[in-house]
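Residues per chain are reported as follows:
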Amino acid sequence: MFPIAFHSIYKHPLLEGHRFPMLKYELLPQQLVHEGTAHQSDFFAPEKCNLNSVLAVHTKEYVADLLDLTLDARAARKIGFPLSAELVEREFRIAQGTIIT
């Protein structure tokens, strides 16, 4: 089996009725184990990726605004989720999970 990145932070809390099906991040690992496609030992919890990895694909200004939680309204709206420190951590962990696998 191949490694599967998973961290509890992937299921980011959203307001009731948000269009994004965030619950899938909790249910997919459970389903994979339930059906025998994966075993619990196949999952790993990625750390946050390093800043250089993020800067390889985003501008310094965007990353600084993201980390400082000072993105302008238009840029924040493009993300699709309310901007928060937890969301930034989530995205850095998702990126690292992608890098590793």
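Below, the structure is looked at part by part. These figures come from a predicted structure and were not determined experimentally.

As for the overall build of the chain
- A tally of helices and strands in the chain yields five helices and two strands.
- Over its C-alpha atoms, taken along the principal directions, the chain stretches across nearly 45 × 35 × 15 Å.
- Considering the chain as a whole, with its 101 residues, one finds that 28% of them fall into the buried category.
- Within the chain, contacts between residues separated by at least 24 positions form 64% of all contacts whose residues are at least 6 apart in sequence.
- As displayed, the chain offers around 7,000 Å² of accessible surface, 56% of which is attributable to carbon and sulfur atoms.
- For the chain, the distance from the average site of its 10 positive side-chain charges to the average site of its 12 negative ones is 7 Å.

Some words on the environment of L67
- Note on placement: L67 falls in helix α3 (residues 60-68).
- Taking the relative accessible area as the measure of exposure, L67 reaches 43% and is therefore partly exposed.
- Considering only alpha carbons, one finds L67 and G17, 50 residues apart in sequence, at a separation of 27 Å.
- Setting aside anything within four residues of it in sequence, one finds L67 in contact with L51, V88 and F92.

Structural notes on the nonpolar core
- Among the nonpolar cores identified, the biggest contains nine residues, and these are C49, V54, V63, L66, L71, A75, A76, V88 and F92.
- Those elements that place two or more of their residues in this core are α3, α4 (73-79) and α5 (85-100).
- Excluding residues within four positions of it along the chain, L66 makes contact with L71, I79, L83, V88 and F92.

Describing the side chain of S84
- With respect to the helices and strands, S84 occurs in the loop between α4 and α5.
- Overall, the relative accessible area of 16% leaves S84 in the buried class.
- A polar contact is formed between the side chain of S84 and the backbone nitrogen of L87, at a distance of 3.1 Å.
- Not counting residues within four places of it along the chain, the set of residues in contact with S84 comprises H12 and L69.

Looking at the pattern of salt bridges
- On inspection of all chains with the given rule, the structure shows three salt bridges.
- Of the charged contacts in the structure, one is a salt bridge between K11 and E26, with a shortest N-O distance of 3.0 Å. In this pair, K11 is assigned in the loop between β1 (4-5) and α1 (24-34) and E26 in helix α1, connecting sequence segments 15 residues apart.
- Judged by relative accessible area, E26 falls into the partly exposed class, the value being 32%.
- Residue R90 is joined to E91 by a salt bridge in which the shortest nitrogen-to-oxygen separation is 2.5 Å.
- Classification of R90 by relative accessible area gives buried; the value is 2%.
- Under the relative-accessibility criterion, E91 is labelled partly exposed at 32%.

Procedures and definitions
- Sequence positions are assigned chain by chain, starting from 1 and proceeding in written order.
- Local features are withheld for residues below a pLDDT of 70 in this predicted model, meaning they are given only at 70 or higher, and side-chain atom pairs are given and counted only at 80 or more; totals for whole chains, interfaces and linings count all residues.
- Side-chain metrics rest on all non-hydrogen atoms present in the structure, leaving aside hydrogens and water.
- The secondary structure listing takes helices from DSSP runs of H or I that are at least 4 residues long and strands from runs of E that are at least 2 residues long, numbered from the N terminus.
- Each residue is placed in one exposure class: buried if its accessible area under a 1.4 Å probe, protein chains only, is under 20% of its type's maximum, exposed if it is over 50%, and partly exposed if it falls in between.
- Note on definitions: a residue-residue contact is assigned when non-hydrogen atoms from the two residues lie within 4.5 Å.
- Areas reported here follow the Shrake-Rupley algorithm with a probe of radius 1.4 Å; residue values treat only the protein chains shown as occluding.
- Residues scored as positive are Lys and Arg, those scored as negative are Asp and Glu, and His as well as the terminal groups of each chain are ignored.
- Think of each charge as sitting on NZ of Lys, CZ of Arg, CG of Asp or CD of Glu.
- The criterion is simple. A nonpolar core is a set of buried Ala, Val, Leu, Ile, Met, Phe, Trp, Tyr and Cys residues joined through side-chain atoms within 4.5 Å.
- In the analysis that follows, any N or O atom pair within 3.5 Å is treated as a polar contact, provided that within protein one partner can donate a hydrogen and the other can accept it, and provided that, for residues neighboring in sequence, both atoms belong to side chains.
- Counted as salt bridges are all cases of a side-chain nitrogen of Lys or Arg within 4 Å of a carboxyl oxygen of Asp or Glu.

Honestly, it's all geometry; don't read function into it.
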